[in-house]
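Here are the chains, one letter per residue:
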Amino acid sequence: MSAFSTFLGKERRETLRTWRLWILPGILLFLALSSPVLTRLTPELLKATANSQPGVVIHVPPPTARDSYVQFMGNLGQLVIIAVIIAGAATISAERRAGTAVLVLTKPLSRAGFVVAKAVSQLVVLVGATVLGVAVCIATTVALFGSGSIAPFLEAAALWLAFAAMILMLMVMLSAAMRSQAPAAGAGIGLWILLALFTGFPLIRDHSPAGIIAANDAALTGRDVALLWPLATTTIAGAVFLAAAIWFFRRREL
Amino acid sequence: MNDDVAPTAPGAPGAPAESLAARPATPPAVELHGLTKRYGRKAALDGVELTVPVGAVFGFLGPNGAGKTTTLRILGGLARPTAGSAAVLGHDVLTAGNEVRALIGFLPDVPGFYKWLTAAEFLRFAGGLFGLDEATLRARVAALLDLASLAGVEARIGTYSRGMKQRLGVAQALINAPRLLLLDEPTSALDPIGRKEVLDMIAALAGRTTVFFSTHILADVERVCDTIAVLDRGRVVAHDSIDDLKRRHGRGQRLLVEVDDPARLAQAVATLPWVALVERSGATLRLTVSDLPTAERQLPAVIAAAGLGLRRLEADEVSLEEVFVELVGERRQ
């Protein structure tokens, strides 16, 4: 077995044996269950609020399966991205600070192999958690609202996953470049907010990963948007971030 | 320990002075030339010249902050020198990468383990990084757990004492049967029992692999090392076998003398030109002399002339601590 596959195997075991298994999948599972339920209960809650105030009448259209998916995707776009940023900020720096990187990297595992294995293991957790969350959200939505078209939701979830994967690679890079988790997380949140602000500038939005954020809403509401540039730039940015992470880590003294 | 774990080194560890003088046919275990490492304006290493022969149990001695850890980090490929070269078994550590790492075992001063693994799991993981096959891995893990007195310990590493972690650290550094074992202060934070256990492990490796062992604990060096270098402020200030260093350093040489009336002998020798200092401890006089051969020749005559009975006359060994203080202290002053 090669050093890379041995280290990847350690990552797999670490995911299964430590808290890492529960953070992203746990958050996604919770949101996948709570989003449809909240959507279903929202009209009742609003009616109850209105009834307690005489003279106030609130008309709320009956919620649909699409509302449930929109609620879930809204949570993915904010809460889960923040979780990805915070968890990803420790990818490399945690091993460096714990001293485990020294024991591993004085054996025949290259620094590039170390970074790629860490990134791959985090990516596998992200993909697995997303698949689990989407499946549970669909099942809960179908149970509460009956069957509806899930294709737009799947498209939106796939776009979100591409964006989240790029954010994860950004965090791997920041984790390799910075000394500890906190500054990397701070920088990651700052860059994510900057990217969100770009959605207000059509020229930048349509030719950058910011386009994915806008395309997400469009997919759920059935509007057509051009995806080539946002997807291409997101993929390229993810690859560049991973390459930069390797570059930073090769130059870092341990 | 099983021979499978650590190979018999091709060079003999017994004759360090000779190996230092003559360049061996095989490349040295460690070869540093003009090794310099600067952090800003501060030089952690300042042109270090050092050769460690294959098979030595080598003590790399120095006060805190002398540059020992920096040297080991460069040898382990964890840091880059600002100038100069560092070679391990003939391979340049800057360019060789995995070639060098496959030959060495490395233990940092504070080893970091995955706390959720057991000792056996960690050793299997470490062996896997070297690409060991299953049969070899099984045999070495069993032998090394035994060597580290961790056989049968099923608890996770997170629950281990410092001594257990340090022993596991030495064991993981041996998993590939390294030709060079680099140990950074392996005993510095251990209690006396933990220290003895780790030193026993190192002593057991003599003749099987080259050990490069950094420490500031002189007693550890005297116990397990045959050759040492003293590093101070980033420079090698001495490099020799322990015996030769003791012979060459230490302020003057000393003789222990026992006679039937030590007070009279103290009076008789006090004015002799080759006597630098007279100390009395019970019936024993300790004479620090500036010219040992003259002292050895003339002292029996002085004792006889004073009408004293000689009971004991022997050379008093200079301690490594005294040598160390002389080497490092002189530079400090």
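Residues numbered from 1 in each chain as written. Chains lettered and ligands numbered in written order. Predicted model: local features only at pLDDT ≥ 70, side-chain atom pairs only at ≥ 80, totals over all residues.

## Thoughts on the overall build of chain B
The condition that has to hold: A helix here means a DSSP run of H or I that spans at least four residues, while a strand means a run of E at least two residues long, and both kinds are numbered starting from the N terminus. Whether a residue is buried, exposed or partly exposed is read from the other C-beta atoms within 10 Å of its own C-beta, which are placed from the backbone; 20 or more gives buried, 12 or fewer gives exposed, and intermediate counts give partly exposed.
Along chain B, the regular secondary structure elements total 13 helices and 14 strands. Counting over 333 residues, chain B shows a buried share of 44%.

## So, unusual backbone geometry
All names here are of chain B. One non-glycine residue, Ser-149, lies in the positive phi region at around 55 degrees. By the element assignment, Ser-149 lies in the loop between helix H6 (134–147) and helix H7 (162–173). If you check the backbone angles, Arg-233 has positive phi at about 50 degrees while not being a glycine. Mapped onto the secondary structure, Arg-233 falls in the loop between strand S9 (227–232) and strand S10 (235–241).

## What about the interface of chain A and chain B?
We count it as follows: Distance between backbone-placed C-beta atoms decides contact: two residues are in contact if it is within 7 Å.
In this assembly, 23 residues from chain A lie in contact with 25 residues from chain B. Looking at the side of chain A that touches chain B, the elements with two or more residues in it are helix H1 (3–17) and helix H5 (100–105) of chain A. With six residues, the top contributor of residues to the side of chain A that touches chain B is H1 of chain A.

## Focus on the pairing of strand S6 (residues 104–107) of chain B
All names here are of chain B. The following threshold applies: Only strands that DSSP links by at least two bridges are regarded as paired with each other.
Taking every second residue as pointing to the same face, both faces of S6 are buried, with Ile-104 and Phe-106 on one and Gly-105 and Leu-107 on the other. Pairing analysis gives four bridges linking S6 to strand S7 (residues 180–184), with the strands arranged parallel. Directly across from Phe-106, in S7, lies its bridge partner Leu-182.

## Considering the nonpolar core
Note the threshold: As used throughout, a nonpolar core is a set of buried Ala, Val, Leu, Ile, Met, Phe, Trp, Tyr and Cys residues joined through C-beta atoms within 7 Å of each other.
Counting 152 residues, the largest nonpolar core has Ile-167, Met-169 and Val-172 of chain A together with Phe-58, Leu-144 and Phe-212 of chain B as the members making the most contacts within it. Of the residues forming this core, the biggest block, 18 residues, is contributed by helix H7 (residues 151–177) of chain A. Core analysis: the second largest hydrophobic core is formed by twelve residues, Val-257, Val-269, Val-275 and Leu-299 of chain B among them.

## So, H6 of chain B
Residues and elements named next belong to chain B. What counts, and what does not: A helix is expected to span 1.5 Å for every residue after the first.
Between its first and last C-alpha atoms H6 spans 20 Å; for 14 residues at 1.5 Å apiece the expected length is 20 Å, and the two agree. The set of residues buried in H6 consists of Arg-140, Val-141, Ala-143, Leu-144, Leu-145 and Leu-147. Lining the buried residues of H6 we find helix H5 (119–129), H7 and helix H8 (192–204). Directly after H6, the chain includes Ser-149, whose backbone phi takes a positive value near 55 degrees.

## Structural notes on the sheet that holds strand S14 (residues 310–316) of chain B
Residue and element names in this part refer to chain B. This is how the line gets drawn: For every element, the axis is a line fit to its C-alpha atoms; helices are fit only across the contacting stretch, and the angle between N-to-C directions ranges from 0 to 180 degrees.
Taken together, the four strands give an open sheet; going across it, the order is S12-S13-S11-S14, and neighbouring strands pair in antiparallel fashion. Edge positions in the open sheet fall to strand S12 (275–281) and S14, since each of these has one partner strand only. Taken pair by pair, the neighbouring strands of this sheet meet at an average axis angle of 20 degrees, ignoring direction. Across six bridges, strand S11 (residues 253–259) lies against S14 in antiparallel orientation. Bridge pairing links Val-257 to Leu-313 in S14. The strands touched by helix H11 (residues 262–269) within the sheet are S11, S12 and strand S13 (284–289), with S12 carrying the most contacts at an inclination of about 170 degrees. Seen against the sheet, helix H12 (residues 292–305) touches S11, S13 and S14 and runs at an angle of roughly 15 degrees to S11.

## Things to note about the sheet that holds strand S1 (residues 30–39) of chain B
All names here are of chain B. Taken in spatial order, the four strands of this open sheet run S2-S1-S4-S5, and their pairing is antiparallel. Each end of this open sheet is capped by a strand with a single partner; those strands are strand S2 (42–52) and strand S5 (91–92). Where S1 lies against S2, eight bridges are found, and the strand directions are antiparallel. Looking across to S2, one finds that Leu-32 is bridged to Leu-50.

## Some details on the domain arrangement of chain B
The condition that has to hold: Segmentation into domains, and thus their bounds, comes from an automatic or database assignment.
Once the domains are mapped, chain B shows domain 1 (16–247) and domain 2 (251–317). Distance from the C-alpha centre of domain 1 of chain B to the C-alpha centre of domain 2 of chain B: 44 Å.

## Topic: the confidence of the model for chain B
Residues and elements named next belong to chain B. We count it as follows: Looking at any residue, its pLDDT shows the predictor's confidence there, from 0 to 100.
Chain-level statistics for chain B give a pLDDT mean of 87 and a share of 90% at 70 or above. For the stretch residues 1–21, pLDDT sits under 50, and the model shows 56 contacts to residues farther than four places along the chain or on other chains. Reported confidence for the predicted complex is 0.88 by ipTM and 0.84 by pTM.

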